[in-house]
Amino acid sequence: MSAKLTIAFESAGAPAAAPGSGNRIDSLFEAVEERHRKRRRVVSALLRSVVYLGALLTTVVLLFLVGYILVNGVPYLTPSLFEWEYNSTNVSLMPALVNTLIMAALSLAMAVPVGVGSAIYLVEYAKRGSKFVAVVRTTTETLQGIPSIIYGLFGMLFFVTALHWNLSLLAGACTLAIMVLPVVMRTTEEALLAVPDSYREGGFGLGAGRLRTVFRCVLPSAVPGILGGVILALGRCVGEVAALIFTAGSIAQIPNFAGEGLGALFDSTRTLAVHMYTLASEGLHINETYATAVVLLVMVVLLNLLATFAAKKMNKGGSDA
Amino acid sequence: MSQLHIKEGIARALFVAAAGISILAVALICVFLFANGVPAIAEIGLPEFLFGTTWRPANDIYGIFPMIVGSIYVTAGAIVVGVPTGLLCAIFLSRFASGKVAAFLKPGVELLAGIPSVVYGFFGLVIIVPFIRDTMPGRGLSLLAAAVLLGIMILPTIITVAQSALDAVPKKYYEGALALGADHERSVFRVVVPAAVSGIMAGIVLGVGRAIGETMAVIMVAGNQPIIPESIFAGVRTMTANIVLEMGYAADLHRGALVATGVVLFVFILLITMLFNVIKKRGELK
Amino acid sequence: MPNATLERTASAGHAPATYMPHAQGQAADRRMKEKAPADAPAKMGVRGLDLYYKDFQALKGINLEFPKNQVTALIGPSGCGKSTLLKSLNRMNDLVEGCRVEGEITLDGEDAYRSIDVNSLRRRVGMVFQQPNPFPMSVYDNVAFGPRTHGIKNRADLDEIVEQSLRDAAIWDEMKDRLKKNALGFSGGQQQRLCIARALAVRPEVLLMDEATSALDPISTAKIEDLVGELKSKYTVIMVTHNMLQALRVSDKTAFFLLGEMVEAGATDDIFTAPVDPRTADYVAGRFG
């Protein structure tokens, strides 16, 4: 391309700064500019409207989706929907709600220590550029991209079948734990990286070992960030269906911890999202489905607010530093 | 002193072990998927499995080509619906929105990202499907419904990633364009957006990953017929839907074929992840 | 010249600027004294310019004229307002939230803020920034961006403009075989001269340079200084510089700023050898800033 260009110029007479050409270009600008400005205005107005349209469309979808579900669901948030017993005439969401909390707590109890621990290793211990770190990074990225149905398949093949846990609370919780592990890891890593090095130097300077420095000087100021990640993970647990239907099953009862003790971990359970999926696909209790959707939505909104709040705190902590 | 050493050593070992768990998890997932899926593929025959157009478990005929095509169609549809809207919304948030509007829309986008897929699926079932049924040919449960719904679902992914890419474009490019007499729109579309293109592409690839892996929402609106759809108003079954719909009662080779569907999906996802990494790397090199 | 508070210009038919109320008494009169070469008509002019960032007044009652086909240097310590003044000449200050401009800025006697379209003002008054900022695209597309913006689409015209602009910026020989290369792959000095070429490609009448050499090595700086000397035959150049020697080497006229006020302006030689105001004397002697 450039070669062709040069040739063209050579044939036109080498010194392009020839006296006449400057004026020709000047008059070219004069001729074109005024006319073009009007067209430019139209094009810009058009571009501006498309951009606004894109934003408007997103807003409309958001408001309509949330609004429609609230309007149709809120009137059916009756006390009977929150009764302790589920049966086919009164599709109470209470057992599923309790199961969701147990399930989420269990999986976070597994995922958070592992996730935070490995993030601490990656940020505070590992040498930069080590092979091990590179492999961990790649696997984390891979885990993050795997769709939940694959987790569900794996949970079914491994926990349910190979380990003979059957469709159970524990199998579901373990599956979810693996699924949210990369979320916790990533956010913790980012939170730790955001802690200024001066904190670490302060710890080492006082003669504290690495472990003490990490726990006393680094972790405390990373807590809001880590919390944000935990809340994000919680949100995924609450909303998950595909990873649970073949691992935790869909029995709408609270596991009987009082009667069976830890054996209740192997009871099949149904979380709120699975409950809603079942209701929606049965199609018999449409109003209750709306109401269940409202409860799910409210939970997600609350978790979002919490995460935003945590992130704000993190930023403030950062600017204080 | 030595006690401290022991404590440090134990802590270090624990942290290493924690970091190792994600490797273990990926290894286990691969082993169990492949160990259960590959024998089934071997029994069916790889070409028959991948390119067979008939899926009839009752007769032990397992061709997942319609589902592969279904996943690709649905994802492509989601891109057509979601990418322009998401990209424009990201441009709006990054370069056009006033502080107040952004303060409303940004949390809104985060909320969209947090809404569970069952809720999306239900929304699709009660709004999108009836709308298509009433205004267009077909029964409503269709490729079109799935594409529109997935397009909405990938919006937050695309908006968030594209916006952070746009926000990261140095101010000096924008100012340079203005100083040459370009107006705001031209500066944004001809200088800022091209400068952010690798980040935007990364967002799109991430959206593709989400769309192709989405399960519950698609099942609720797509109709799920295991045949290659003849129009956008026809029903369609994706790979993800195939697994969920039949796993509950499948046994033996049928079950193996479903796991093998998961393997194919997994390979798709790995390819997409690799593509994502390549794009990201190239963006960093720039 | 009867009125010493005005910029001394011989521009025939040019309405004399009005006396600005902020200049109080004799001291102010002397402070505003101008020793501009009397033979150059003004290309741009600033009259009674007050500029505010929200409540902070960044420029106070500036009166200054920029002679055609000359290099005017704006000098002064950091935060004195010289860059602010430069950016108000092509309205780049519009980008700063809460920025308010009072007074008058003219280009060829036309009001730059009220009677000239802002995009066309920025075409006619080009700018080179402190940090080289070529777009992340090819050399050719960088230089052609401006002309394309203003409606020149013809490939042959663009080719000609690109070559001539690169020649004018004394970088054609280095770039001619690499027009398709990404502009970010070049050295800082080359990038800055490319930015000058890009600014020249829209046929500006005035070229603003905002400390355009401060990020560059001495050799690149020297090349750009030479270039500026050549450019003034076609363009009116206004440059902000931290480097007083540079102002002395390159400029014909110099204006000294302090705390948002213009202390003194005049022929560069006079400002450096016989400043009227003691603060100018202190500054050029290197006693502060």
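Residues numbered from 1 in each chain as written. Chains lettered and ligands numbered in written order. Predicted model: local features only at pLDDT ≥ 70, side-chain atom pairs only at ≥ 80, totals over all residues. Heavy atoms only, no water.

### Quick notes on the packing of aromatic side chains
Taken as a whole and judged by the stated rule, the model has 21 aromatic pairs over all chains. Between B:Trp55 and B:Tyr62, the aromatic rings sit 5.4 Å apart at their centres with planes inclined by 70°, giving edge-to-face as the arrangement. An identical accessibility class is assigned to B:Trp55 and B:Tyr62; each is buried. Between B:Arg186 and the ring centre of C:Phe145, over which it is positioned, the NZ or CZ distance is 5.0 Å. (Phe/Tyr/Trp six-rings, centres within 6.5 Å; stacked < 30°, edge-to-face > 60°. Buried < 20%, exposed > 50% of the residue type's maximum accessible area, 1.4 Å probe, protein only. Lys NZ or Arg CZ within 6 Å of the ring centre and 35° of its normal.)

### Structural notes on the environment of B:Thr240
Position of B:Thr240 relative to the elements: it lies in helix α11 (residues 239-247). Taking the C-alpha atoms as reference, B:Thr240 lies 6.6 Å from B:Gly213; in sequence the two are 27 residues apart. Residue contacts for B:Thr240: discarding those within four places in its chain leaves A:Ile149, B:Ile212, B:Gly213, B:Glu214, B:Thr215 and B:Leu265. A polar contact is formed between the side chain of B:Thr240 and the side chain of B:Thr238, at a distance of 2.8 Å. (Helix = DSSP H or I, 4+ residues; strand = E, 2+ residues; numbered from the N terminus. Contact = heavy atoms within 4.5 Å. Polar contact = N/O pair within 3.5 Å; in protein donor to acceptor, adjacent residues only side chain to side chain.)

### Regarding the confidence of the model for chain B
Scored by pLDDT, chain B comes out at a mean of 92, with 99% of its residues at no less than 70. When mean pLDDT is compared element by element in chain B, helix α3 (residues 65-96) of chain B scores highest at 96, while helix α12 (residues 252-285) of chain B scores lowest at 89. (pLDDT = per-residue confidence, 0-100.)

### Here we look at helix α6 (residues 143-167) of chain B
It helps to recall that an α-helix has 3.6 residues per turn; residues three or four apart then point in one direction. Residues and elements named next belong to chain B. Along its 25 residues, α6 runs 35 Å from first to last C-alpha, staying within 8% of the 36 Å computed at 1.5 Å per residue. At Ile 154, α6 shows its strongest bend, of approximately 35°, with the proline Pro 156 following within four residues. Across the 25 residues that make up α6, a large majority, 20, are buried. (Expected span 1.5 Å × (residues − 1). Bend = angle between axes of the 7 residues up to and from the residue.)

### Some thoughts on the pairing of strand β10 (residues 253-258) of chain C
Residues and elements named next belong to chain C. Summarising burial for β10: 6 of the 6 residues are buried, a large majority. Here β10 shows no split at all, with Lys 253, Ala 255 and Phe 257 on one side and Thr 254, Phe 256 and Leu 258 on the other all buried. Sheet topology note: the β10/strand β11 (residues 261-267) ladder contains 6 bridges and is antiparallel. When the bridges of β11 are listed, Ala 255 appears paired with Ala 265. (Pairing = 2+ DSSP bridges.)

### A closer look at the domain arrangement of chain B
All names here are of chain B. Each assigned domain of chain B is listed here: domain 1 (2-51) and domain 2 (65-285). With 13 residues of domain 1 in contact, the opposing surface of domain 2 contributes 11 residues. On the domain 1 side of the contact with domain 2, Leu 33, Phe 49 and Leu 50 bury the most area, a combined 39% of that side's loss. Our count for the domain 1 to domain 2 interface comes out at 0 salt bridges. Secondary structure elements with two or more residues in the side of domain 1 that touches domain 2: α1 (2-44) and α2 (46-51). (Domains from an automatic or database assignment. Buried area = accessible area lost by both parts, 1.4 Å probe. Salt bridge = Lys/Arg side-chain N within 4 Å of Asp/Glu carboxyl O.)

### What about the nonpolar core?
If you look at the biggest cluster of nonpolar residues, it comprises 277 residues, and the most contacted ones within it are C:Leu64, C:Leu74, C:Leu85, C:Leu166, C:Ile196 and C:Met209. Counting the residues that make up this core, at least three belong to each of domain 1 (2-51) and domain 2 (65-285) of chain B. Not counting residues up to four positions away in its chain, the partners in contact with C:Leu166 are C:Val139, C:Val143, C:Ile171, C:Trp172, C:Met175, C:Leu179, C:Leu194 and C:Ala197. (Core = buried A, V, L, I, M, F, W, Y, C linked by side-chain atoms within 4.5 Å.)

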